[in-house]
Amino acid sequence: EKGGYEHFMLKEIHEQPRAIRDTLSGRISEDGQRVVLKELNWTTEQAASIERIHIVACGTSWHAGLVGKAAIEKLTRIPVDVEIASEYRYRDPIVPDNTLIIVISQSGETADTLAALRESKQRGARVLAITNVLGSSANREADYTMITMAGPEIAVASTKAYTTQVVVLYLFACYLAQQRGSIGASQVPEILQALKGLPELAERVLETAPSLRQFAEKYKDKEDAFFIGRGVDYAVALEGSLKLKEISYIHAEAYAAGELKHGTLALITEGIPVIALVTQDDLYEKTVSNIVEVKARDAYVLTLAWQGDGEIGKYADEVITVPRTMPFLAPVLSVIPLQLLAYYASVARGNDVDKPRNLAKSVTVE
Ligand code: M6R
């Protein structure tokens, strides 16, 4: 059942190229020009009537939502708020007319996410559920559903669910732009072409596994680690740090790289591992200057950069690269080395990788 892998998590990490391909399949027109979402089938009016979007989710699904926000805002200029479901449900949220709620949940059964869904429906919002389980409660209760085609995810740590959620959000962002004739509509064919290339690129990223294993084994006894990045790199940093905490039990924090100086830099001392993501070209120099700051405090810096970046090695102790794609699609690739890092750290520390302490796969109680 583990397909020859030692753990479900490792199997699921390796299934990502297939899962991404399946998630795209049937959702792009044959000529590659348009997104086809039969499950929505929105008229121009329906798409045009959306004035704002709230994305609501927990944990890794919330991190996927952060990437979705960037994509939707970039392509449609519709304002998007991303919220943690357990906060949203209790804070008396303002849900004006023409708000679309997107709930994201691998299981479709997370108690807080379902409560947020119900709360927003009661306030008259339309709800789109993005889940991995056909027939889940979220699917049944939402007005619209998009399924991620990750297939069953057994390991508690979410991996292929995340990458496919992000891919669904890209498709949805393209669809909205296309149906509304938004600013990003003309870029849709190019984005779809890039999306179709992701499974093969993800395959190549999996080849970074041996380097991450080495890094994890070297740093397995550290008590803290930091992940930094800007823009969607920050969203991926949050996911990388959650993964490390969840299964290796190493304390990890993710910081928007520009925030370091506002307190966290005090914690950067000799030998502290800092994982820095640098895939956002327009923010490159800014992030590099933050890397220089942590290096000056003798942190041990692992950077995650584009293949062919001839510069970054000057600032880092180790460099892991991912093959180039459009920068806003980077999360699908850059998260994979961070999943592998968490996996190997967990194995090196002798933890129960697939069933980390205190956690359940699906949190159906508060
Ligand atoms: O099934 P859901 O996507 O609603 O689950 C949400 C979180 O509980 C989940 O993503 C959790 O954070 C993962 N264990 C993280 O790896």
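Calculation rules
Residues numbered from 1 in each chain as written. Predicted model: local features only at pLDDT ≥ 70, side-chain atom pairs only at ≥ 80, totals over all residues. Heavy atoms only, no water. UniProt positions renumbered as here; feature names shortened; annotations may be inferred. Near = heavy atom within 4 Å. Polar contact = N/O pair within 3.5 Å; in protein donor to acceptor, adjacent residues only side chain to side chain. Areas by Shrake-Rupley, 256 points an atom, 1.4 Å probe, with all protein chains shown as cover. Helix = DSSP H or I, 4+ residues; strand = E, 2+ residues; numbered from the N terminus. Nonpolar A, V, L, I, M, F, W, Y, C, P; charged D, E, K, R; others polar. Expected span 1.5 Å × (residues − 1). Buried < 20%, exposed > 50% of the residue type's maximum accessible area, 1.4 Å probe, protein only. Pairing = 2+ DSSP bridges. Axes fitted to C-alpha atoms, helices over the stretch in contact; angles between N-to-C directions. Arc of directions from axis to C-beta. Contact = heavy atoms within 4.5 Å. Parallel < 35°, antiparallel > 145°, perpendicular 65-115°, else oblique. Core = buried A, V, L, I, M, F, W, Y, C linked by side-chain atoms within 4.5 Å.

As named in an unreviewed UniProt entry, the chain is Glutamine--fructose-6-phosphate aminotransferase [isomerizing], taken from Effusibacillus dendaii. In its Function (unreviewed entry) section, the UniProt entry covering the chain states "Catalyzes the first step in hexosamine metabolism, converting fructose-6P into glucosamine-6P using glutamine as a nitrogen source." In UniProt, the chain has this text filed under Catalytic activity (unreviewed entry): "D-fructose 6-phosphate + L-glutamine = D-glucosamine 6-phosphate + L-glutamate".

Peer 1: How should the site of the ligand be read in this particular structure?
Peer 2: Around the ligand sit 14 residues, and of these Ser61, Ser105, Gln106, Thr110 and Glu246 come closest. At a separation of 2.8 Å, an oxygen atom of the ligand approaches a polar backbone atom of Ser158. Here an oxygen atom of the ligand sits 2.9 Å away from a polar atom, N or O, in the side chain of Lys243. Expressed as a share of its isolated accessible area of 410 Å², the protein-covered part of the ligand is 91%. Within the residue set of the shell around the ligand, elements represented by two or more residues are helix H4 (59–76) and helix H11 (232–248). A class-by-class count of the residues in the shell around the ligand yields 4 nonpolar, 8 polar and 2 charged.

Peer 1: I'm lost on helix H8 (residues 160–180) in this one. Help?
Peer 2: Residues spaced three or four apart along an α-helix point in a common direction, a consequence of the helix completing one turn every 3.6 residues. Over its 21 residues, H8 extends 30 Å from the first C-alpha to the last, a length consistent with the 30 Å expected when each residue adds 1.5 Å. Counting buried positions over the 21 residues of H8 gives 20, a clear majority of the element. Phi for Gly181, located one or two positions after H8, is positive at around 65°.

Peer 1: Just checking my understanding: could you explain the sheet that holds strand S7 (residues 251–256) for this structure?
Peer 2: The pairing of strands in a sheet comes from backbone hydrogen bonds and takes either a parallel or an antiparallel form. On the basis of which strands lie adjacent, the open sheet formed by 5 strands has the order S7-S6-S8-S9-S10 and parallel pairing. Only two strands of the sheet have a single neighbouring strand rather than two, namely S7 and strand S10 (318–322). Direction aside, the axes of adjacent strands within the sheet are offset by 20° on average. With 6 bridges joining them, strand S8 (residues 273–278) and strand S9 (residues 300–306) adopt parallel strand pairing.

Peer 1: Can you walk me through the pairing of S8 in this structure?
Peer 2: It is a general feature of regular strands that their side chains alternate between the two faces of the sheet. Counting buried residues along S8, 6 of its 6 residues qualify, which places the element largely inside the surrounding structure. Alternating residues of S8 divide into Pro273, Ile275 and Leu277 and Val274, Ala276 and Val278, and every residue in both groups is buried. Taken together, the 3 bridges between strand S6 (residues 224–229) and S8 define a ladder with parallel strand orientation. From the neighbouring strand, Phe227 faces S8, where its bridge partner is Ile275.

Peer 1: When you look at helix H10 (residues 209–218) in this model, what are you seeing that I'm missing?
Peer 2: When H10 is considered as a whole, its buried residues turn out to be Ala209, Leu212, Phe215 and Ala216. The arc enclosing the buried residues of H10, seen along the axis, measures out at 125°, which places them on a common side. Within H10, the exposed residues directed more than 90 degrees away from the buried face are Pro210, Gln214 and Lys218. The elements touched by buried residues of H10 are helix H9 (188–205), S8, S9, S10 and helix H13 (330–348).

Peer 1: I'm lost on the side chain of Thr23 in this one. Help?
Peer 2: With respect to the helices and strands, Thr23 occurs in helix H2 (residues 16–24). Within the structure, Thr23 has its side chain in polar contact with the backbone oxygen of Ala19 (distance 2.8 Å). A polar contact of 3.1 Å, which involves the side chain of Thr23, links it to the backbone nitrogen of Met149. Apart from the residues within four sequence positions on either side, Thr23 is in contact with Thr148, Met149, Ala150, Thr164, Val167, Val168 and Leu171.

Peer 1: Please explain the packing of H4 against H11 as it appears in this structure.
Peer 2: If you want to describe how two helices pack, look at the angle between their axes and the distance between the axes. For the pair H4 and H11, the least separation of the axes is 9 Å and the interaxial angle reads 170°. Considering the angle they form, H4 stands roughly antiparallel to H11. Of the residues in H11, those touching H4 at Gly59, Thr60, His63, Leu66, Val67 and Ala70 are Val232, Ala235, Leu238, Glu239, Leu242 and Lys243. Broken down by class, the residue content of the contact of H4 with H11 amounts to 7 nonpolar, 3 polar and 2 charged.

Peer 1: Can you help me understand the nonpolar core in this one?
Peer 2: Burial of nonpolar side chains together is a common tendency in soluble globular proteins. The biggest cluster of nonpolar side chains holds 98 residues, and the ones touching the most others in it are Trp42, Ile53, Ile102 and Phe172. Leave out the neighbours within four places in its chain, and Ile102 touches Ile53, His54, Ile55, Val56, Ile72, Leu128, Ile130 and Phe172. In terms of nonpolar packing, the next biggest core, distinct from the first, is built from 19 residues, Ile228, Ala276, Val278 and Tyr284 among them.

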